[in-house]
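Here is what each chain is made of, one letter per residue.
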Amino acid sequence: MGDTNRVNCTQCGTSYDRRFLLGKQGALNVCPMCGAFISLSSDEEDPSAHDDEPSFEEDVVLGENDSFDEDKIDFWWYEMREPKTLDETDTGDVGTTCAKCGHLSFAPYPIARTGDYLLIDSRYTDTCSHCGNEMKNHILSKRPESWVDPRQHDMWVKDYEHLIKCPICSSTRVHKISMTNKAASIVAFGIFSAGHVSKTYKCDICGSKW
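What counts and how
Residues numbered from 1 in each chain as written. Predicted model: local features only at pLDDT ≥ 70, side-chain atom pairs only at ≥ 80, totals over all residues. Heavy atoms only, no water. Pairing = 2+ DSSP bridges. Helix = DSSP H or I, 4+ residues; strand = E, 2+ residues; numbered from the N terminus. Buried < 20%, exposed > 50% of the residue type's maximum accessible area, 1.4 Å probe, protein only. Phe/Tyr/Trp six-rings, centres within 6.5 Å; stacked < 30°, edge-to-face > 60°. Lys NZ or Arg CZ within 6 Å of the ring centre and 35° of its normal. Core = buried A, V, L, I, M, F, W, Y, C linked by side-chain atoms within 4.5 Å. Contact = heavy atoms within 4.5 Å. Axes fitted to C-alpha atoms, helices over the stretch in contact; angles between N-to-C directions. Patch = residues over 30% accessible without salt bridge, like charges linked within 9 Å, V, L, I, M, F, W, Y side chains within 5 Å. Areas by Shrake-Rupley, 256 points an atom, 1.4 Å probe, with all protein chains shown as cover. Salt bridge = Lys/Arg side-chain N within 4 Å of Asp/Glu carboxyl O. Lys, Arg positive; Asp, Glu negative; His and termini not counted. Charge placed at Lys NZ, Arg CZ, Asp CG, Glu CD.

### Some details on the pairing of strand S8 (residues 139-142)
Across two bridges, strand S3 (residues 75-81) lies against S8 in parallel orientation. Each residue of the ladder has a partner; that of Trp 77, found in S8, is Lys 142. Of the strand pairs in this sheet, strand S7 (residues 117-119) and S8 are connected by three bridges, and their pairing is antiparallel. Opposite Leu 119, over in S8, you have Ile 139 as the bridge partner.

### Notes on unusual backbone geometry
Of note, the phi angle at Lys 84 is positive, near 65°, even though the residue is not glycine. In this structure, Lys 84 sits in the loop between S3 and strand S4 (93-98). Accessibility expressed as a relative area gives 52% for Lys 84, which makes it exposed.

### Observations concerning the packing of aromatic side chains
Inspection of the entire model under this criterion finds two aromatic pairs. Relative to Phe 68, the ring of Phe 56 lies with its centre 5.3 Å away and its plane at 35°, an arrangement referred to as tilted. Of this pair, Phe 56 sits in the loop between helix H1 (18-23) and S3 while Phe 68 sits in the loop between H1 and S3; the two residues are 12 residues apart in sequence, bridging distant segments of the chain. Grouping residues by exposure puts Phe 56 and Phe 68 together as buried. Here Phe 68 and Tyr 117 contribute two aromatic rings whose centre-to-centre distance is 5.0 Å and whose plane-to-plane angle is 85°, an arrangement assigned as edge-to-face. With Phe 68 in the loop between H1 and S3 and Tyr 117 in strand S7, this pair connects stretches of sequence that are 49 residues apart. The exposure class assigned to Phe 68 is buried, which follows from its relative accessible area of 12%. Three or more aromatic residues joined by ring pairs make a cluster, and in this case those are Phe 56, Phe 68 and Tyr 117. Just above the ring of Trp 77 sits the side chain of Lys 142; from NZ or CZ to the centre is 4.9 Å.

### What to know about the nonpolar core
One recurring pattern in soluble globular proteins is that nonpolar side chains are buried together. Residues Phe 75, Trp 77, Val 94, Cys 98, Ala 107, Leu 118, Ile 120, Cys 128, Met 135 and Leu 140 constitute the largest nonpolar core, which totals 10 residues. Of all the elements in the fold, those that place two or more residues in this core are S3 and S4. For Cys 128, the contacting residues outside a window of four places in its chain are Phe 75, Cys 98, Cys 101, His 103 and Asn 133. One finds Phe 68, Ile 73, Ala 112 and Ile 139 within the second-largest nonpolar core, a separate group that totals eight residues.

### Focus: the sheet that holds S4
Consider a sheet: its strands pair through backbone hydrogen bonds, and that pairing is either parallel or antiparallel. The strand order S5-S4-S3-S8-S7-S6 describes an open sheet built from six strands, whose pairing is mixed. Each edge of the open sheet carries a strand with a single partner, namely strand S5 (104-108) and strand S6 (112-114). Within the sheet, the average angular offset between the axes of one strand and its neighbour, ignoring direction, is 35°. Judged from the three bridges that link them, S6 and S7 form a sheet pairing that is antiparallel. Directly across from Thr 114, in S7, lies its bridge partner Tyr 117.

### Observations regarding a negative patch on the surface
The grouping of Glu 53, Asp 69, Glu 70 and Asp 71 at the surface amounts to a negative patch. Following the sequence through the fold, Glu 70 ends up in the loop between H1 and S3.

Structure representation (structure tokens):
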């Protein structure tokens, strides 16, 4: 077994006495030769120490499509109702969100949990009523904090559909041409203003009139 008081720079290979570096003011953790970072930990790195892969208890059996991989998550969860909350027959449930379109639904109370992950009984099937996304992966992860209620988005879309938009650039920054403006154009340009006075709106972005 090597000298545990020695530490080597992985960049230039220079060997130092760890006690020498620790004795420097503020604990020098850079190589004096090349400036590369040097770990001053005396413990050998344990690969499993950085293994943050979540897992359920050993007796929990996962289905073939069950995965903690966020790219394979079909539904998120955002709240749980504990069993017997309403009455003695209440089995509890989980508020879920479709990971594809964001619409809301419910699932049975989980059979296992670890951290922010829940496992729903594999016999349960669900399909998002909005986009048709099927729950193949019965592991649900906690809904991201950046999630936005799609109902708010849908309301914005409906409002946008009814807004007056420029037929050329689709901008909603348009204004109605006033009668005063049209009258002034007739006085200033006479018959040459016909193309202006016959229009109702003008786009503030591209200047188109219609």
